[in-house]
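Descriptive analysis of the structure
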Amino acid sequence: MPVESGSSASSRQAKQKRKSHSLSIRRTNSTEQERTGLQREMLEGQDSKLPLSLRSNLLDLFGQIEREFENLYIENIELRREIETLNDRLTAEGQTIDGGDLTKGALKAKASHSTSQLSQKLKTTYKASTSKIVSSFKATTSRAVCQLVKEYVGHRDGIWDLSVTRTQPVVLGTASADHSAMLWSIETGKCLLKYLGHAGSVNSIKFHPTEQMALTASGDQTAHIWRYTVQLPTPQPVADISVSFSKTCPICWCVCVCARVCDVYFSDKDEADGDGDGPNECPSIRVSSTTLRSHQGVVIAADWLVGGKQVVTASWDRAANLYDVETSELVHSLTGHDQELTHCCTHPTQRLVVTSSRDTTFRLWDFRDPSIHSVNVFQGHTDTVTSAVFTVGDNVVSGSDDRTVKVWDLKNMRSPIATIRTDSAVNRISVSVNQRIIALPHDNRQVRLFDMSGVRLARLPRSNRQGHRRMVCCSAWCEDNSSCNLFSCGFDRQAIGWNINIPALLQEK
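Rules and cut-offs
- Residues numbered from 1 in each chain as written.
- Predicted model: local features only at pLDDT ≥ 70, side-chain atom pairs only at ≥ 80, totals over all residues.
- Heavy atoms only, no water.
- Helix = DSSP H or I, 4+ residues; strand = E, 2+ residues; numbered from the N terminus.
- Buried < 20%, exposed > 50% of the residue type's maximum accessible area, 1.4 Å probe, protein only.
- Areas by Shrake-Rupley, 256 points an atom, 1.4 Å probe, with all protein chains shown as cover.
- Phe/Tyr/Trp six-rings, centres within 6.5 Å; stacked < 30°, edge-to-face > 60°.
- Core = buried A, V, L, I, M, F, W, Y, C linked by side-chain atoms within 4.5 Å.
- Contact = heavy atoms within 4.5 Å.
- Pairing = 2+ DSSP bridges.
- Axes fitted to C-alpha atoms, helices over the stretch in contact; angles between N-to-C directions.
- Polar contact = N/O pair within 3.5 Å; in protein donor to acceptor, adjacent residues only side chain to side chain.
- 1 Å grid on protein atoms, 1.4 Å probe; cavity = no way out; pocket = protein on both sides within 12 Å on 5 of 7 lines; lining within 4 Å.
- Points joined across faces, edges and corners; volume = space filled by probe spheres on them.
- Nonpolar A, V, L, I, M, F, W, Y, C, P; charged D, E, K, R; others polar.
- Salt bridge = Lys/Arg side-chain N within 4 Å of Asp/Glu carboxyl O.

Helix and strand counts for the chain come out as six helices and 29 strands. In the chain, which comprises 509 residues, the share counted as buried stands at 44%. Roughly 27300 Å² of accessible area belongs to the chain as shown, and the carbon and sulfur atoms make up 51% of that amount.

Another aspect to go through is the packing of aromatic side chains. Under the counting rule described, the total for this entry stands at nine aromatic pairs. One aromatic cluster in this structure is built from Tyr195, Phe207, Trp226 and Tyr228.

Looking now at the nonpolar core. Phe362, Phe390, Val397, Ile438 and Leu440 are the most contacted members of the largest nonpolar core, which has 25 residues in total. Put simply, the parts of the chain that give this core at least two residues each are strand S16 (352-357), strand S17 (361-369), strand S19 (385-390), strand S20 (395-400), strand S21 (404-409), strand S22 (418-421) and strand S24 (437-441). If we skip the residues at most four places from it in the chain, Val397 touches Ser387, Ala388, Val389, Thr391, Val405, Lys406, Val407, Ile429, Val431, Ile438 and Met452. If you look at the next biggest cluster of nonpolar residues, it comprises 18 residues, including Met182, Cys191, Cys282 and Cys484.

When you tally the buried positions in S17, you get seven out of nine residues, the bulk of the element. Two elements, S17 and strand S18 (residues 372-379), share seven bridges in a ladder whose sense is antiparallel. Bridge pairing links Thr361 to Gln379 in S18. The antiparallel hairpin formed by S17 and S18 contains two residues in its connecting segment.

Read across the sheet, four strands follow the order S19-S20-S21-S22 without closing on themselves; strand pairing throughout is antiparallel. Each edge of the open sheet is held by one strand with a lone partner, namely S19 and S22. Averaged over all pairs of adjacent strands, the angle between their axes in this sheet comes to 15°, without regard to strand direction. Where S19 and S20 come together, five bridges link them in antiparallel fashion. From the neighbouring strand, Val385 faces S20, where its bridge partner is Ser400.

For the rest of this paragraph, the subject is the side chain of Ser398. By the secondary structure assignment, Ser398 is in strand S20. Assessed through its relative accessible area of 0%, Ser398 is described here as buried. There is a polar contact of 2.9 Å between the side chain of Ser398 and the side chain of Trp408. Ignoring anything within four residues of it in the chain, the contact list for Ser398 reads Phe362, His381, Val385, Ser387, Ala388, Thr404, Val405, Lys406, Trp408 and Ile429.

What the four strands build is an open sheet, ordered S1-S29-S28-S27; its pairing is antiparallel. Each edge of the sheet is formed by a strand with only one pairing partner; in this case those strands are strand S1 (145-153) and strand S27 (472-477). Neighbour to neighbour, the strand axes of the sheet diverge by 25° on average, direction disregarded. Direction of pairing for strand S28 (residues 486-490) relative to strand S29 (residues 494-501): antiparallel, over a ladder of four bridges. Paired with Ser488 across the bridge in S29 is Ile496.

Below, the discussion takes up the layout of surface pockets. The space that makes up the second largest pocket amounts to roughly 900 Å³. Along the walls of the second largest pocket sit 41 residues, with Arg166, Lys206, Val431, Val433 and Trp477 positioned nearest its centre. Classifying every residue of the lining of the second largest pocket by side-chain character gives 21 nonpolar, 13 polar and seven charged.

Turning next to the pattern of salt bridges. Inspection of the entire model under this criterion finds seven salt bridges. Arg227 serves as the salt-bridge partner of Glu211, at 3.3 Å between the closest nitrogen and oxygen. Remark: Arg227 occurs in strand S8 (residues 222-227) and Glu211 occurs in the loop between strand S6 (202-207) and strand S7 (213-218); sequence separation between them is 16 residues. Overall, Arg227 belongs to the partly exposed group, its relative accessible area being 48%. Between Arg368 and Asp366 there is a salt bridge whose closest N-O contact spans 2.8 Å. For Arg368, a relative accessible area of 48% puts it in the partly exposed group. The class of Asp366 is buried, set by a relative accessible area of 15%. Counted as one network, the salt bridges with shared partners bring together Asp161, Lys206 and Arg428.

Structure below.
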């Protein structure tokens, strides 16, 4: 009886596989129309608030996904059959070459080589197919280039808030739970001045729009206004990055490359001892120019009204107070929130104030008309509103513990014009004046950037070597085109300066 050669047998098996593949595809296509019709009938019979057209589009999309996975399943079966066929061929060829007594080691090595090639082919096929599916759901790619420029280390406890001066010299201010506020040189990262006038945690810091004055809010139930005078140090030549970021490890006595072990040591040391070269040597102020008292609870935030003649404070006593700076007198007490306030912000060009609260709302207070003080309540979040800030136009951006950020139009308060959904609670947000970019600090140590329409632009880099190691509490933009144009601070006791490069096309958009 004639014996079929290996080549003819493999060709016949290949034909059978192609035939089975074509039959399976034909069966899939033949039943697709019936299945779609049945699903549409079931769709029409279901009770849903979604429009029928939208539900139909969703059904089509999931149908495409199902067909894609069916094709992947068929390819997987064929590849497995091909692996088995090649193993059989290798066994037959090995017996022919060695006279039917091929050693197991050689056969295993040859089979392993062929199997690894097919395994790589299988992985490539799956990766290409699934990437095609995932890319259809991906909204955007990163459009911004983000780079860590400087770290500001020296506080002995978490940093709640930070702000950048609006006048020269441009410095960075931080407010910390260690009862102090510090002013920093943006370029060198050195502490220039320390304010020690509060008896409790410093929860907020804001700078006067035209003068060298700072406003801080504290857990000691007061807000302080204090004057400062600083002189910026001469910037030093930029050193080699490999030298400037290296540290000599006291454990292994080498210039460390491994961040996992050595960074833990330095992180713990900084938390225990602080930065001995900077803040401990900088001058300090212990007495304020003006002390604002009238709250019965923690003062969580404060800000200057346009012109700098009045300030507003927000407290856990559920009220926001409006003060006259020159006389320190209480002008108005803004009540109406049902729970503790979390933040307050003023409009850069108009006499408008927005207050946020744990009662899931934020309120807009209008002082443009001295005789009428109107109040508008914004309801749209399901958890604590951690902050609400103005933009240059007629928009307010609010962030919440419900993991969403909403953009509102002041002329239409019924619903937001854009909603950003995230995977973590959002803390004190900030909006770039020039580029209209929203910076979102999160509880999960991330900082993300979005545009005003809700499109994600970038996520600031974070790893064992750079970025925040604990909750990020606040972000602030610097609009003077310096090397650092975005700052963030967190409960890892440090503030970080970032350089964010936005493409020109995005700015025009």
